[in-house]
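One letter stands for each residue in the lines below.
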Amino acid sequence: MVDPTILSQAMKTTPTLLADWNIIMPMLIPLVFAAGSLMLRGKDKWQMPMAIVAVLLSLFGAANLFLDILYLGPQSLTLSGWLAPYGISFTADALSALFVLVASLVTLLILMYSPADVDKAAIKSGYYTLVLMLLVGVNGSFLTGDIFNLYVWFEVMLISSFGLLILGGEKIQLDGAVKYAFLNLLGTTFFLIATGLLYGITGTLNFAHLFTQVANSEAEGTLAILSLMFLFAFAIKAAAFPMYFWLPAAYHTPRVAVSAIFAGLLTKVGVYALIRIFTVVFPEGNGAAFEIFGILGGLTVIVGGIGAIAQTELRRMLAYLLMSGVGILMIGISIHTDLALAATVQYAVHSMLVMTGLYLLSGVIGRMAGSFEIAKIGGIVMQNHYVAIAFFGLALAVSGLPPFSGLWPKYMMVQAAFMNDNYWLIAAILIGSFLTIAAVGRASIQMIWRGGDVDTPDGQYEARGQRLGAKQLRVMMLPIAIIFMLSFALGIMPESLIRQANLAAYDILNIAPYVKSTLGG
Amino acid sequence: MNTVIFRTIAPALTALMVLFSLFVLLRGHNEPGGGFIGGLIAASAMALYGISSGVQAVRRALYFHPITMAGFGVLLAAASGIPSYINQVPFLSGIWWKLPLGNGQYFDLSTPMIFDIGVWFVVVGAITAIMLTLEEAD
Amino acid sequence: MEFYLAILVGLIFAASTYMLLSRSVIRLVLGVALLGNAVNLLIFTVGRVTRHIPPIIPLDLQGELTGIANPLPQALILTAIVIGFAIFSFILVLAYRAYESLGTDNSDEMRVAEPKKTELTKLTY
């Protein structure tokens, strides 16, 4: 047998508390249920309840983890009994926990909407399994403490998103999927290249260990180039300015529930990875990364706004609005003060909820009008008041107007930029917000308030779409109503979220507890 | 491709390859081998059988749908972490049980082996599913 | 050894970049496959190419084992190969299906998902 004192240098010899398992639960539970639903793939009736149970359980697990981290600080579990730099670690701080919580919530809302939108054929092709696997990838990315493991979760996420994107196999979907697949693959491959080179320089893959190794490394020039490679890779994932083309090319092609889950989760994982890499691996930004973040972010906000105005298709317009939101997050990372990072976290939560809500609502509107072309949609307010109110509210939220949740993070972001004398970033945020207001305002005038098609007098319009039954409408509107309420509540009572965001920002800027929870000591 | 010799020899070869894949799977714990390579060998056995006897024959021979096998593999691999929960060690830690065989010998059952069997199922299921779908599309 | 491997990695990267710049989707597929292999070789090279003994610890060994080869890059490459295989088979089928239903493998002509040239919406309503 091996000498126990030697063993204790590499392996964990103290018993693991069951509470330590909390950190992997949001990843493990959907994985087990996804495997189960894969095995029961003939039983269509079981798929939806299984997925709901899985997401409820992982939401519960995420809440548990969130409370743990709230009271005890960052948590870590290194798998297979090895000690930290040797085994694969899962480490979560307040940022990861908050994102996991919101991601699970968004998935639950989308599952609630799904029965109205997903047909039998899609369930047979494994819609619910793919959604669960997507959640596994997203939660895994948020929780992992190992850069190569992050790459693996990215690929889990990517492959499930491929599957969801082409579900149904229509022409338009294949066309969108080709662009989505190749550009995203390029992004993850660049991530892998940068990870390989980083391993070559530092000899480690563990985030916490990387933090110490990079600080001691003398290869500053190479590290600066690597930081830009990571920036490039994750900017593709997050759909930032020059690398965003895949997003508006693909997000309007799948069924609405799939667009909504993509809008809620995928780009935010890119942003999370940017925050994580640029806090633990390159805390000083190494080279000019933070300046580039600012430039890219500002341009993303403005280009997203201009793109949104230019679109004539509702879901393409939403895709550009989503992109514009990513720009604001990148501006927050660029400024990198506690106020800016708190605003970033808060805006990410807001954007996850509101963009999901808008995409789901676009499904309702598209069904009612029989088209997604803004010119062909009309008289929504005459058909259903609640849909009109929901669109109005979420439009206010996405443009950052009170009394909805978009106001406070934008306000905090502008304040943070002001305190840092970044006046052109303030201009970018304000111009972007103005363009967003113009785009959603025009859409709401044309779709909601206009009586009918262009040039038809009011009251003579007959919707081409289906009349939605009361029950179906209830299924579709319930998740949207929940998002509406949440956004409203976070708008008039922002303190609770601001407090969590401040905690997350504190964890981002003070990396020591994160490192300590992984490496011990 | 579809000569008499090939059609006659392929089923026997398939059986041999599946047996070999099980050997590689179980050998993999201490020596080169393991679930992934074993699964690949079994999947290529299925490919061989598919070329000689057709897709339907493979589906019949497998009995379970290949995707179901892959799902079972993921479940098994994930379940191999559950004994760690009871033993109060981190997820996926290696745990060993000695099962007495009666004649004074012991059989070493371990969680890494269960994990490896799970990997074997995932690889066989997933690759066979891809292959059968591609073969049916033609 | 690393020097020659580095040059090889560079060459493969160059070839795959050339392929990825093409408009033909099938060349894109090959370019992505080549890129994946270039990355695997890159990880292999940055993990230090050494002629050490294999990283298998003898049962009776006490203390540190020095001079063994680094097993980690190989584990990473194996993972990357498996993922690359899955993705390659996916995009191969995707490219084939796209060619079948869109009738072209020229990415410039794949414009079904792009906005059509329509009359701009009027501002009046």
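These remarks concern the structure in this document. (Residues numbered from 1 in each chain as written. Chains lettered and ligands numbered in written order. Predicted model: local features only at pLDDT ≥ 70, side-chain atom pairs only at ≥ 80, totals over all residues. Heavy atoms only, no water.)

**Things to note about the overall build of chain A**
To be explicit about the condition: Secondary structure elements follow DSSP: runs of H or I no shorter than four residues count as helices, runs of E no shorter than two count as strands, and numbering proceeds from the N terminus. In this treatment the radius of gyration is a C-alpha quantity, and the globule benchmark scales as 2.2 Å times the residue count to the 0.38 power. We call two residues in contact when some of their heavy atoms are within 4.5 Å.
The secondary structure content of chain A amounts to 22 helices and two strands. A compact globule built from 521 residues would reach a C-alpha radius of gyration of about 24 Å, and chain A, at 23 Å, matches this within 12%. Oriented by its inertia axes, the alpha-carbon framework of chain A measures out at about 85 × 60 × 40 Å. Counted over contacts in chain A with a minimum sequence separation of 6, partners at least 24 positions apart contribute 81%.

**Considerations on the overall build of chain C**
Heads up, the rule is: Per-residue accessibility, obtained with a 1.4 Å probe over protein chains only, is compared with the maximum for each type, and a residue is labelled buried under 20%, exposed over 50%, and partly exposed between these values. Methods summary: accessible areas were calculated by the Shrake-Rupley approach with a probe of 1.4 Å, and residue burial reflects only the protein chains presented.
Regarding its fold elements, chain C presents three helices and zero strands. Starting at the N terminus and walking to the C terminus, you meet the elements of chain C as α-α-α. Evaluated residue by residue, chain C yields a buried proportion of 31% over its 125 residues. The long-range fraction of contacts in chain C, counting pairs at least 24 apart against all pairs at least 6 apart in sequence, stands at 55%. Element-wise, carbon and sulfur atoms account for 65% of the exposed surface of chain C, whose accessible area totals about 8,100 Å².

**Some details on the nonpolar core**
All names here are of chain A. For clarity, the threshold we go by: To define a nonpolar core, start from buried Ala, Val, Leu, Ile, Met, Phe, Trp, Tyr and Cys residues and group those joined through side-chain atoms within 4.5 Å.
Of all hydrophobic cores here, the largest spans 227 residues; its most connected members are Ile24, Tyr127, Leu164, Tyr251, Met317, Val364 and Ile365. In terms of residue count, helix 15 (residues 338-369) provides more of this core than any other element does, 20 residues in total. Leaving out residues up to four positions away in the same chain, Val364 has contacts with Tyr113, Val387, Leu468, Leu473, Met476, Met477 and Ile480.

**Things to note about helix 2 (residues 25-46) of chain C**
Convention followed: Given a helix with a known number of residues, its expected span is that number minus one, times 1.5 Å.
An ideal rise of 1.5 Å per residue puts 32 Å on 22 residues; helix 2 of chain C measures up with 31 Å between its terminal C-alpha atoms. Just beyond helix 2 of chain C, the residue with positive phi is C:Arg48, at close to 70°.

**Points about the pattern of salt bridges**
Heads up, the condition is: What makes a salt bridge here is a side-chain nitrogen of Lys or Arg within 4 Å of a carboxyl oxygen of Asp or Glu, nothing more.
One pass over the full model with this rule turns up 10 salt bridges over all chains. Between A:Arg367 and A:Asp117 there is a salt bridge whose closest N-O contact spans 3.5 Å. Within this pair, whereas A:Arg367 is found in helix 15, its partner A:Asp117 is found in helix 4 (residues 94-117), the two being separated by 250 residues in sequence. Neither A:Arg367 nor A:Asp117 differs from the other in exposure class; each is buried. Here A:Asp175 makes a salt bridge to A:Lys179, at a shortest N to O gap of 3.3 Å. Of this pair, A:Asp175 and A:Lys179 both sit in helix 8 (residues 171-202), four residues apart, which is roughly one turn of the helix. A:Asp175 sits in the buried class, given a relative accessible area of 0%. Taken together, the salt bridges that share partners define one network made up of A:Asp175, A:Lys179 and C:Glu114.

**Remarks on empty space enclosed by the protein**
All names here are of chain A. Condition: Residues are said to line a cavity or pocket when one of their atoms sits within 4 Å of a point; the points come from a 1 Å grid over protein atoms alone, cavities being sets where a 1.4 Å probe fits but cannot get out and pockets being open sets with protein on both sides within 12 Å along at least five of seven lines. Grid points are joined across faces, edges and corners, and a volume is the space filled by probe spheres set on the points. Following the grouping adopted for this structure description, the nonpolar residues are Ala, Val, Leu, Ile, Met, Phe, Trp, Tyr, Cys and Pro, the charged ones are Asp, Glu, Lys and Arg, and the polar ones are all others, Gly among them.
Inspection of the entire model under this criterion finds four cavities of 30 Å³ or more. Counting residues per element, the lining of the largest cavity draws most heavily on helix 14 (residues 314-335), at four residues. The volume enclosed by the second largest cavity comes to roughly 40 Å³. In terms of lining residues, the second largest cavity is bounded by Met157, Leu158, Ser161, Tyr180, Asn184, Lys237, Trp246 and Leu266. For the lining of the second largest cavity, the secondary structure elements donating two or more residues are helix 7 (147-165) and helix 8. If one sorts the elements of the lining of the second largest cavity by residue count, helix 7 sits on top with three residues. Broken down by class, the residue content of the lining of the second largest cavity amounts to five nonpolar, two polar and one charged.

**Some thoughts on the interface of chain C and chain A**
The line we're drawing: Defined here as a combined quantity, buried area equals the accessible surface (1.4 Å probe) lost by two parts on assembly, summed across both. Here a polar contact is taken to be a pair of N or O atoms separated by no more than 3.5 Å, where protein atoms must pair a possible hydrogen donor with a possible acceptor and residues adjacent in sequence count only if both atoms sit in side chains.
Each side of the interface is counted separately: chain C has 42 residues, and chain A has 46 residues. Summing both partners gives a buried area of about 3,900 Å² for chain C against chain A, and 75% of it is carried by carbon and sulfur. Where chain C touches chain A, the interface holds one salt bridge. A salt bridge links C:Glu114 to A:Lys179; the nearest nitrogen and oxygen atoms lie 3.2 Å apart. Joining chain C to chain A, the criterion identifies eight residue pairs in polar contact (both at pLDDT 80 or more). Secondary-structure elements contributing two or more residues to the side of chain C that touches chain A are helix 1 (2-20), helix 2 and helix 3 (72-102) of chain C. Sort the elements by how many residues they give to the side of chain C that touches chain A and helix 3 of chain C lands first, with 15 residues. A per-class count over the side of chain C that touches chain A returns 29 nonpolar, eight polar and five charged.

**Quick look at the interface of chain B and chain A**
The partner chain A presents 20 residues to the 18 residues of chain B that form the contact. Taken as a group, B:Tyr85, B:Pro90 and B:Phe91 account for 38% of the area that chain B buries against chain A, more than any other trio of residues on that side. The interface formed by chain B and chain A holds zero salt bridges in total. Applying the counting criterion to the chain B and chain A interface returns three residue pairs in polar contact (both at pLDDT 80 or more). Where the side of chain B that touches chain A is concerned, the elements lending two or more residues are helix 4 (66-79) and helix 5 (82-87) of chain B. Considering each element in turn, the side of chain B that touches chain A owes the most residues, eight residues, to helix 4 of chain B. The class makeup of the residues in the side of chain B that touches chain A is 11 nonpolar, seven polar and no charged.

**As for the packing of helix 15 of chain A against helix 20 (residues 470-492) of chain A**
All names here are of chain A. The criterion, for reference: Orientation is described by axes fitted as lines to C-alpha atoms, over the contacting stretch for helices, and by angles from 0 to 180 degrees between their N-to-C directions. By definition in this entry, angles of less than 35 degrees are roughly parallel, angles greater than 145 are roughly antiparallel, angles of 65 to 115 are roughly perpendicular, and the rest are oblique. Handedness of a crossing follows from how the near helix is turned relative to the far one, being left-handed for an anticlockwise turn of less than a right angle and right-handed for a clockwise one.
It is at 10 Å that the axes of helix 15 and helix 20 come closest, and there the two elements cross at 150°. In terms of orientation, helix 15 lies roughly antiparallel with respect to helix 20. Note on packing geometry: the crossing formed by helix 15 with helix 20 is left-handed. Contact with helix 15, carried on its side by Leu353, Val354, Thr356, Gly357, Leu360, Leu361, Gly363, Val364 and Arg367, involves Gln472, Leu473, Met476, Met477, Pro479, Ile480, Ile483, Leu486, Ser487 and Leu490 of helix 20 and no other residues of that element. Class assignment of the residues belonging to the contact of helix 15 with helix 20 gives a composition of 13 nonpolar, five polar and one charged.

**Remarks on the packing of aromatic side chains**
Residue and element names in this part refer to chain A. Counted only if it meets this: When two rings of Phe, Tyr or Trp (its six-membered ring) have centres within 6.5 Å they constitute a pair, described as stacked for plane angles under 30 degrees, edge-to-face for angles over 60, and tilted for the intermediate range. Here, a charge over a ring means that NZ of Lys or CZ of Arg falls within 6 Å of the ring centre while also lying within 35 degrees of the ring normal.
Enumeration according to the criterion identifies 38 aromatic pairs over all chains in this entry. Taking the centre distance of 5.4 Å and the plane angle of 70° together, the rings of Phe99 and Phe142 count as edge-to-face. Taken as a pair, Phe99 in helix 4 and Phe142 in helix 6 (residues 127-143) lie far apart in primary sequence, 43 residues in all. Taken together through their ring pairs, the aromatic side chains of Phe148, Tyr151, Phe154, Phe191, Phe230, Phe234, Phe278, Phe282, Phe290 and Phe293 make up a single cluster. A cation over a ring is seen here: Arg315 above Phe372, with NZ or CZ 4.0 Å from the ring centre.

**Details of unusual backbone geometry**
For residues other than glycine, phi is negative in most cases, and the peptide bonds are mostly trans. Residue A:Pro403 is reached from A:Pro402 by a cis peptide bond, and omega for that bond is 5°. Summarising the element assignment, A:Pro403 is placed in the loop between helix 17 (385-398) and helix 18 (407-419). Phi at A:His336 is positive, roughly 60°, even though this residue is not glycine. Note that A:His336 resides in the loop between helix 14 and helix 15. Residues other than glycine seldom take positive phi values, yet B:Leu92 does so here, at roughly 70°. Assignment of secondary structure puts B:Leu92 in the loop between helix 5 and strand 1 (96-100).

**Regarding the pairing of strand 2 (residues 106-110) of chain B**
Residues and elements named next belong to chain B. Our working definition: Two strands qualify as a pair provided that DSSP identifies no fewer than 2 bridges between them.
The sheet contact formed by strand 1 and strand 2 spans five bridges and is antiparallel. Paired with Leu99 across the strands is Phe107, a residue of strand 2. Taking the residues that link successive antiparallel strands as the turn, the strand 1-strand 2 hairpin has five residues, and the phi of Gly102 there is positive, at about 100°.

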